[in-house]
Amino acid sequence: MLIGCTVVSGQEQPGGGPEAVGPTGPPPAVRFDDREPVNTREGHATLSWTVADREDEDWRFEIQQSFDEGFDNAEIRNPGGDRAMFVSGLPDGTNLFRIRAVGAGGATGDWSEPLRVVVDYHGRWLVLTLFGVGCLVFVATVVTVLAGHRRHVSGKEAG
Amino acid sequence: MNLFPESFFNILIIVSLVWTALAGLTLLMLILADFKNKTIW
Amino acid sequence: MDEFRTSVLTQQTGFLLLGIFGVLWIALGIYWGRKAKDTEGFMLAGRNVGLALGAATAMATWVTSNTIMLAPKFALQMGIWGMLAYATASFGLFLFAPMASRIRRLLPKGYTSGDFIRLRYGRVAWGLFLLISFFYSMAWLVSMAMAGGILLNALSGMRYEYGMTVILFVCVLYTLFGGLYAVIGTDFIQSLIILAGVVLVGVVVITRVDLGEIHATLAAKQPGLIQVFMPVALLSFFNNMFFGFGEIFHNNVWWSRAFAMREGVPQKAFLLSGLFWFPIPIAAGFIGLCAAPLGINVPDADMVGPLVASKVLGTAGAVVVFIVVFCSLASSIDSLLAATSDLIAQDVYRKMLNPWAEEAQMRRMATRIIVGLGVVTWLICLPRISDLLSVLFFAGPLVGSAIWPVIAGIYWRRANPAGAVAAMVLGSTVGLIAYFQIGWYTASLVGATVSMVVVGLTTLLWPREFDWKKLNEAEAAS
């Protein structure tokens, strides 16, 4: 079936080795490629980022996700050595993300500016209305086919 | 926020796997039956 | 530039697998092709296909690379509801079961869905229907050939162009040699491989992970995915279903199968194929939910399936995914090539250009069209323009708008041509507006709804009696 007819695009495999290895020296600054807040009605987003310098080296990254500016109760996410992360199932509201690079021996760089992912799910009335319309069309389709089939079998609507 | 319970989650996944396996077995049985009755084509 | 830096399999393994299965399909195509003695044999496998092959071919055609790849993505994006929404695509097969038996009776000598629309609604509706159908079929072909090239590249590091070319070449070749016999025969073997592969990967994943833990981690970090009220997923629920209805009800891939099956078989075969297909999006999809809880970073949602499979199963997992993907691509590409070439040969060549075409000419034409379709698809896919794919999404509202003209045409004596045309035009237009205004996940739903209202109203207001006998062209002519 065609639904979505999505094609994958190439990305790195997840990397991320043991803590001890990695480039030495102070890890560089990292920034998200999106500067403006990301708005989504679907609760998912792809975060990608760029390293300020020595970008060809195998830095690992650490991402924090939080609802508050202070990142007090942050969830930690580990994208390993990848330079992108797909996040989904985010709760309604403003989700904040910040990232830093990790080098040899667990040396960490500075946290990036936080990126806001603003989740605003479709409203209940729109969802329920369209869901209801879907139910109606579904029932109408099934009834039409089955009723037609009965007439067909009984020979009333002869072919 | 209402979440689907864990039991539903587990049952959904396990049933789908068993169902898929049964689909494969049914296909094999059907082709054997068609082969015996010479009704494959 | 988008080539994978690291891939799970080596290129040699990739080429070896492609080679083994490619040769197998072509050999089987030649073997089965010897049964095709005339056009009817080539196009419709002698109208004598049995239950096992009938059910398998419908199921396998409906399992595309998207089912294998997109089901995990749907799960990752929309959670449990996403998987359930995807599974509803099987409902189209269930509903097509009774329709197939009527189609057989109404058009005992029919070849294509185009035949039906032309005889039932006349030339204007027919032209519009063919446009929608070609757009959709090309969209499906191109998306699969592209997806094939990109996936094989991702899994084995093989160049995109090579993978895409080999897949298309193999499918064109065996469809060419064997016609629908080869398509249906290989579909059976491909069905078994797909089902076994999905079960294998799924079972290994659940033995390696603790489902309870997955659920707990999701609840903490990605609650949207297991939420009962998940807005986007609920919106896409019926949208998916109607997209599937539209695809199945209108496309010649399905009609040609209804014509190809032996008397009494179509209804059972389509019901069974729906039952076989239903669990696959869940069985293949749930691994997408396991990504984050297993600590697997997903840089790109499209790749979540192979990523989790190869992470959990290692090289063996990647080999299984590779084979399953190749089978699901082949089982759909071959069907589309065959059915679309029939549509062009029968509806365009015989009906518009050369009504007196002889048997041998038709056969020659059919083979040329298959090659032509393959070449056109290849040319479109070659530059790997991924933006192209967003255009292909438009197929959703278009096929959604064809649902009601088809159903009413089959079952309602009073459905009229003007209503069918208006339903397709308005349904497509309003569906496309919804696509841009609300989101892709509402376009087919809106298209189908508008088409239903238009067909219903026009049939009520301007009923026009139709003589079913006109559908039986052979009888009407004599």
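Owing to the predicted nature of the structure, the values given are computational and were not obtained by experimental measurement.

Procedures and definitions
- Residues numbered from 1 in each chain as written.
- Chains lettered and ligands numbered in written order.
- Predicted model: local features only at pLDDT ≥ 70, side-chain atom pairs only at ≥ 80, totals over all residues.
- Helix = DSSP H or I, 4+ residues; strand = E, 2+ residues; numbered from the N terminus.
- Buried ≥ 20, exposed ≤ 12 C-beta atoms within 10 Å, placed from the backbone.
- Contact = placed C-beta atoms within 7 Å.
- Pairing = 2+ DSSP bridges.
- Nonpolar A, V, L, I, M, F, W, Y, C, P; charged D, E, K, R; others polar.
- Axes fitted to C-alpha atoms, helices over the stretch in contact; angles between N-to-C directions.
- Expected span 1.5 Å × (residues − 1).
- Bend = angle between axes of the 7 residues up to and from the residue.
- Core = buried A, V, L, I, M, F, W, Y, C linked by C-beta atoms within 7 Å.
- pLDDT = per-residue confidence, 0-100.
- Left-handed = near helix turned anticlockwise from the far one by under 90°.

**So, the overall build of chain B**
In step 1: Tallying secondary structure elements over chain B gives 1 helix and 0 strands in all.
In step 2: Summarising its shape, the C-alpha atoms of chain B cover approximately 55 × 15 × 10 Å along the three principal directions.
In step 3: A burial count over chain B gives 20% of its 41 residues as buried.

**Section: the overall build of chain C**
In step 1: Per the secondary structure count, chain C includes 21 helices and 0 strands.
In step 2: Judged by the C-alpha coordinates and their principal axes, chain C covers about 70 × 50 × 40 Å.
In step 3: Expressed as a percentage of the 478 residues in chain C, the buried residues total 67%.
In step 4: Long-range contacts, defined as pairs at least 24 residues apart, comprise 83% of the intrachain contacts of chain C with a sequence gap of at least 6.

**Some remarks on the environment of Leu9 of chain C**
All names here are of chain C.
In step 1: Its location among the elements puts Leu9 in the segment before α1 (11-33).
In step 2: As for Leu9 and Ala316, which are separated by 307 residues in sequence, their C-alpha atoms are 9.2 Å apart.
In step 3: Sequence-distant contacts of Leu9, defined by excluding residues within four places in its chain, comprise Gly14, Leu155, Ser156, Thr315, Ala318, Val319 and Phe322.

**Comments concerning the pairing of strand β7 (residues 93-102) of chain A**
Residues and elements named next belong to chain A.
In step 1: By the bridge criterion, 7 bridges tie strand β4 (residues 60-66) to β7 in an arrangement that is antiparallel. Residue pairing in the sheet places Arg60 in a bridge with Val102 of β7.
In step 2: Bridge analysis of β7 against strand β8 (residues 115-119) gives 5 bridges, and the strand direction is antiparallel. Bridge pairing links Leu96 to Arg116 in β8.

**Some words on the interface of chain C and chain A**
In step 1: Each side of the interface is counted separately: chain C has 73 residues, and chain A has 50 residues.
In step 2: For the side of chain C that touches chain A, the element with the highest residue contribution is helix α10 (residues 231-250) of chain C, accounting for 12 residues.
In step 3: Partitioned by chemical class, the residues of the side of chain C that touches chain A number 45 nonpolar, 17 polar and 11 charged.

**So, unusual backbone geometry**
Among all residues except glycine, the phi angle is most often negative; among peptide bonds, the trans geometry is most common.
Residue and element names in this part refer to chain A.
In step 1: The backbone of Arg54 sits at a positive phi, close to 50 degrees, despite the residue not being glycine.
In step 2: Tracing the backbone through its elements, the reader meets Arg54 in the loop between β3 (45-51) and β4.
In step 3: With 14 C-beta atoms counted inside 10 Å, the residue Arg54 sits in the partly exposed group.

**What to know about the sheet that holds β4 of chain A**
Residue and element names in this part refer to chain A.
In step 1: Taken in spatial order, the 5 strands line up as β2-β8-β7-β4-β5 in an open sheet, and their pairing is mixed. The sheet is open, and its two edges are formed by β2 (38-40) and β5 (75-80), each paired on a single side. The sheet shows a mean angle of 25 degrees between the axes of neighbouring strands, direction not considered.

**Considerations on the interface of chain C and chain B**
In step 1: Each partner contributes residues to the interface: chain C has 37 residues there, and chain B has 23 residues.
In step 2: If you list the elements that add at least two residues to the side of chain C that touches chain B, you get α3 (51-62), α8 (160-208), α9 (211-221) and α13 (280-289) of chain C.
In step 3: Looking at the side of chain C that touches chain B element by element, the count peaks at 10 residues for α8 of chain C.
In step 4: A class-by-class count of the residues in the side of chain C that touches chain B yields 28 nonpolar, 8 polar and 1 charged.

**Notes on helix α14 (residues 304-353) of chain C**
Residues and elements named next belong to chain C.
In step 1: In a regular helix each residue adds 1.5 Å, so 50 residues correspond to 74 Å; α14 covers only 48 Å between its end C-alpha atoms and thus falls short of that length.
In step 2: Maximum bend of α14: about 140 degrees, positioned at Gly314.
In step 3: Of all the 50 residues making up α14, 39 are buried; the element is thus mostly covered by neighbouring parts of the structure.

**Considering the sheet that holds strand β6 (residues 84-87) of chain A**
Residue and element names in this part refer to chain A.
In step 1: Strand order in the open sheet made by the 3 strands is β1-β3-β6, with antiparallel pairing throughout. The sheet terminates laterally at β1 (30-32) and β6, the two strands that pair on one side only. Put simply, the sheet's adjacent strands are angled 25 degrees from each other on average, direction ignored.

**Observations regarding the pairing of β3 of chain A**
Moving residue by residue along a regular strand, the side chains alternate between the two faces of the sheet.
Residues and elements named next belong to chain A.
In step 1: The sheet contact formed by β1 and β3 spans 3 bridges and is antiparallel. Counted as the bridge partner of Arg31 is Thr50 from β3.
In step 2: Both β3 and β6 contribute to a ladder of 4 bridges, which runs antiparallel. Across the sheet, residue Ser48 finds its bridge partner in β6, namely Ala84.

**Some remarks on the nonpolar core**
All names here are of chain C.
In step 1: Counting 232 residues, the largest nonpolar core has Ala55, Phe96, Ala145, Leu180 and Ile333 as its most contacted members.
In step 2: No other element matches α8, which puts 25 residues into this core.
In step 3: Each residue touching Phe96, except ones within four places of it in the same chain, is listed here: Ile248, Phe249, Trp254 and Phe270.

**Details of the environment of Met241 of chain C**
In step 1: Mapping Met241 of chain C onto the fold places it in helix α10.
In step 2: The class of Met241 of chain C is buried, set by 26 C-beta atoms lying within 10 Å.
In step 3: Remark: the alpha-carbon pair of Met241 of chain C and Ala89 of chain C, spanning 152 residues in sequence, is separated by 4.9 Å.
In step 4: Excluding residues that lie within four positions of it along the chain, Met241 of chain C makes contacts with Phe138 of chain A together with Thr88, Ala89 and Phe91 of chain C.

**Side note on the confidence of the model for chain C**
Residue and element names in this part refer to chain C.
In step 1: Taken over all residues, the pLDDT of chain C has a mean of 90, while the share at 70 or more is 96%.
In step 2: The model gives residues 1-5 a pLDDT under 50, and that stretch makes 9 contacts with residues more than four places away or in other chains.
In step 3: Interface confidence in the predicted complex, given as ipTM, is 0.95; pTM for the same model is 0.89.

**Some words on α8 of chain C**
In step 1: The end-to-end C-alpha separation of α8 of chain C is 32 Å, well short of the 72 Å expected for 49 residues at 1.5 Å each.
In step 2: Considering bend angle alone, the principal kink of α8 of chain C is centred on Gly178 of chain C and spans about 120 degrees.

**What to know about the packing of α1 of chain C against α14 of chain C**
Residues and elements named next belong to chain C.
In step 1: Between α1 and α14, whose axes approach to 11 Å, the crossing angle comes to 35 degrees. As for the relative orientation of α1 and α14, their crossing is right-handed in sense. Across from Gly14, Leu17, Phe21 and Trp25 in α1, the residues of α14 making contact are Val319, Phe322, Ile323, Phe326 and Ala330.
In step 2: Here the contact of α1 with α14 is built from residues that sort into 8 nonpolar, 1 polar and no charged.

**A short note on the environment of Asn297 of chain C**
In step 1: Mapped onto the elements, Asn297 of chain C comes out in the loop between α13 and α14.
In step 2: For the pair Asn297 of chain C and Val308 of chain C, spaced 11 residues apart in the sequence, the C-alpha separation amounts to 9.5 Å.

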